Amino acid sequence: MDLSTDLCHACRWTLTLLPSLSLPLSQCASSSRRLFLPVASVSSYCPSAPELPMLTLLSMFYYICLRRRSRNGTRAEALTSRRAVESGQRAVLPVSVEVEQYAKEVLDFSSHYGSENSMSYTMWNLAGVPNVYPSSGDFTQTAVFRSYGTWWEQCASAPQPFRRTPKGFYSQEYIELGFEEPVYPTAVEVLETYYPGAIVQILACSHNPFSQSPPTDVRWEVLWSGKPTKVLTPQARQFSPNIKHISFPTNLLRLEVNSSLLDYYTELDAVILRGVKERPMLALYKMPVIDISDLSDSEEELSDVGGAFRHGGDIKHQRTGNGYFDKLPYELIQLILSHLTLPDLCRLAQSCKLLHQHCCDPLQYTQLSLQPYWARLSDASLGHLQSRCTLLQRLNLSWTGSRGALTLSGFSSFMKACGQSLACLELSCCHFLNEACLEVISQTCPGLQELNLSSCDRLNPQAFIHISKLTRLRRLVLYRTKIEQTAILSILTFCIELRHLNLGSCVRIEDYDVVASMLAARCRSLCSLDLWRCRNLTDRGLAELVSGCRMLEELDLGWCPTLQSSTGCFQHLARSLPRLQKLFLTANRTICDSDIEELAAGCPSLQHLDILGTRLVSAASLKKLLQSCPKLLLLDVSFCSQVDMRVVQELSGLFPNVAIKKSFTQ
């Protein structure tokens, strides 16, 4: 290797003497040969030869150049190997039989449009062979998430977003699927039958979900990730992105979705996992690790370079200080650091004492969202953060703690240290929670105002009684939980400051009329109420509810089959709730023109209306509604037999600011 191109003229002159030199000059980092230079003979080769101090400096410089060249060569080889592997991943796989399998079982999910007691629009439809594909359209045999678009997040009941959320974290919902045989994945194919483009991440897990042994050392790997997209057509497609090859077999996949750009609900039909049982050659090839510290001079090199000058020279010219960063006001540094993500903040804390002080300041941790790091969060992670979160006000632990990653001990320790000032606690899909965890929350978070237990469907019914101790609650989400009537009545008795309550798909509540009556008596300041798919609310309960809770702005009565328009309950609702902005009457076949006209007259602030599936509403009443409600943004008339596509196009032309939804089925 010719090093002369990297050295100064004096170093090149020194190298010409190497064959006859005898003084140790350097030990090459990539060779065991020693280089020698006779001091006495230098002057005979060159009259202008430097003295010993200059030779010492040249020796050090030559030594550093050798080390850098050796290191750069290693980096270049590693990068070349990585590019070669990435460009021909599938080519290096051995000849082996590829296994193709559909999902055996749906293991977990964050939400679904369907009922807990049926198969229509539920996530369980994603198991097995396709039911619909290659057909396109709105089919009940598919898997559908609960929401789409951005308007859901604009409602008053939506939580405020957390700061420090990484820019690359787009996931809003997820579903986990188990397959029969563990394989090394070569492809993942998702059959999307309606409004595709929501999938933003596909992950694989090292744990076998059907194994009888408890999970140990659970590892998640991202096979593919991307930004949310809006496909120009709602037609069906087979989504098969290029996936990364992993070093372990898997039969557990997780799909994460973001439907914010979609015009309607995305529908998924099946997932295919392709893979080989034998370990691919790519997995056997150990990729050279390029450490971040290897991209700059090492501490040893820096100390060597500075050694010749450490004790000499003018002190005034020595580099000291940190660029006057410490002269900035404390509050300004805090503001600068507030824009960093949590991992960056933790890394920066290791750089110097000044930044360590700022990065560990509890004021940097008044809001903390750990949801983006659900796959890596453990008891140890919470323990490291514990001392920094003594002023914590908002905490998001959604999706965390699955398969033993968090325990009662770790969670309790963190809450006891950091729960005193907590006002908001997001625990959606936290399956590590048990009754003891809710008891700890009730004891350590006296000022809690927001609690989200959405899809915590493994909590036993007795656990919810502890929520009644949180008397300052204003927002409570119990969607898809096993709460029973006794517990919800106890909560409503003591938590009279409730503003937002979600009881969607709570199938264990026996009598919603009693719940509605209690709400009317105790929670008169209620602003939003979600009773999605409650099966036994009658016109009597609804009448009591709207008479007592006249501040309601959002009311979801979707798929409540026991409500009948003939009783006049919907007209009474329209007259009693003048502040109403969102109303879901989904799949109520009895909604008629008189109900729509009453809404037009009594609810001028209406923004979102869903009357999917009604057969009695005409185009004339819808036009009157659109004229009377200038703030209307969303109107879903899918499967309304009197409202065809021609009517939708005509109304859309007259009212272009309203998104009028009309799904189709091929």
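Residues numbered from 1 in each chain as written. Predicted model: local features only at pLDDT ≥ 70, side-chain atom pairs only at ≥ 80, totals over all residues. Heavy atoms only, no water.

- Per an unreviewed UniProt entry, the protein carries the name F-box domain-containing protein and comes from Channa striata.

## Thoughts on the pairing of strand S7 (residues 199-205)
- A large share of S7 lies buried, amounting to seven of its seven residues.
- Relative to strand S10 (residues 250-257), S7 runs antiparallel, the two sharing five bridges. Residue Gln201 lies in a different strand from S10, and its bridge partner there is Glu256.
- Note: S7 against strand S8 (residues 220-225), five bridges, orientation antiparallel. The residue bridging Ala204 from the neighbouring strand is Glu221, located in S8. (Buried < 20%, exposed > 50% of the residue type's maximum accessible area, 1.4 Å probe, protein only. Helix = DSSP H or I, 4+ residues; strand = E, 2+ residues; numbered from the N terminus. Pairing = 2+ DSSP bridges.)

## Describing the sheet that holds strand S16 (residues 475-477)
- Taken in spatial order, the 12 strands of this open sheet run S12-S13-S14-S15-S16-S17-S18-S19-S20-S21-S22-S23, and their pairing is parallel. Edge positions in the open sheet fall to strand S12 (367-369) and strand S23 (659-661), since each of these has one partner strand only. Going from strand to strand, the sheet's axes swing by 5° on average, the running direction of each strand aside.
- Bridge count for strand S17 (residues 500-502) against strand S18 (residues 528-530) is three bridges, and the pairing is parallel. Counterpart to Leu501 in the pairing with S18 is Leu529. (Axes fitted to C-alpha atoms, helices over the stretch in contact; angles between N-to-C directions.)

## A short note on the pairing of strand S11 (residues 267-276)
- For S11, the tally of buried residues reaches 10 of 10 residues, placing the bulk of the element in the interior.
- Bridge count for strand S3 (residues 98-102) against S11 is five bridges, and the pairing is antiparallel. Counterpart to Gln101 in the pairing with S11 is Leu273.
- Relative to S11, strand S5 (residues 143-144) runs antiparallel, the two being bridged by two bridges. Along S11, the bridge assignment pairs Ala143 with Leu268.
- Of the strand pairs in this sheet, strand S6 (residues 173-194) and S11 are connected by nine bridges, and their pairing is antiparallel. Within S11, the residue paired with Ala187 across the bridge is Arg274.

## Comments concerning helix H15 (residues 569-576)
- Looking only at H15, the buried set comprises Cys569, Phe570, Leu573, Ala574 and Ser576.
- Looking at the buried residues of H15, the elements they touch are helix H14 (539-548), strand S19 (554-556), strand S20 (582-584) and helix H16 (593-602). (Contact = heavy atoms within 4.5 Å.)

## Quick look at the packing of H14 against H15
- Where H14 meets H15, the axes come as close as 9 Å, and the angle between the chain directions of the two elements is 5°. By the angle class used here, H14 and H15 are roughly parallel. Where H14 approaches H15, its residues Asp539, Leu542, Ala543, Val546 and Ser547 are matched on the opposing element by Cys569, Phe570, His572, Leu573 and Ser576. (Parallel < 35°, antiparallel > 145°, perpendicular 65-115°, else oblique.)

## Details of the pattern of salt bridges
- Per the stated rule, a full pass over the model turns up 25 salt bridges.
- The partner of Glu181 in a salt bridge is Lys277, with the nearest N and O atoms 2.5 Å apart. A residue pair is termed long-range when its members are at least 10 positions apart, and Glu181 in strand S6 and Lys277 in the loop between S11 and helix H4 (281-284) qualify at 96 residues.
- Of the residues examined, Glu181 reaches a relative accessible area of 28% and is grouped as partly exposed.
- A relative accessible area of 52% means that Lys277 is categorised as exposed.
- In this structure, Glu221 and Arg219 form a salt bridge, with 2.7 Å as the shortest nitrogen-oxygen distance.
- Among the residues examined, Glu221 registers a relative accessible area of 16% and is labelled buried. (Salt bridge = Lys/Arg side-chain N within 4 Å of Asp/Glu carboxyl O.)

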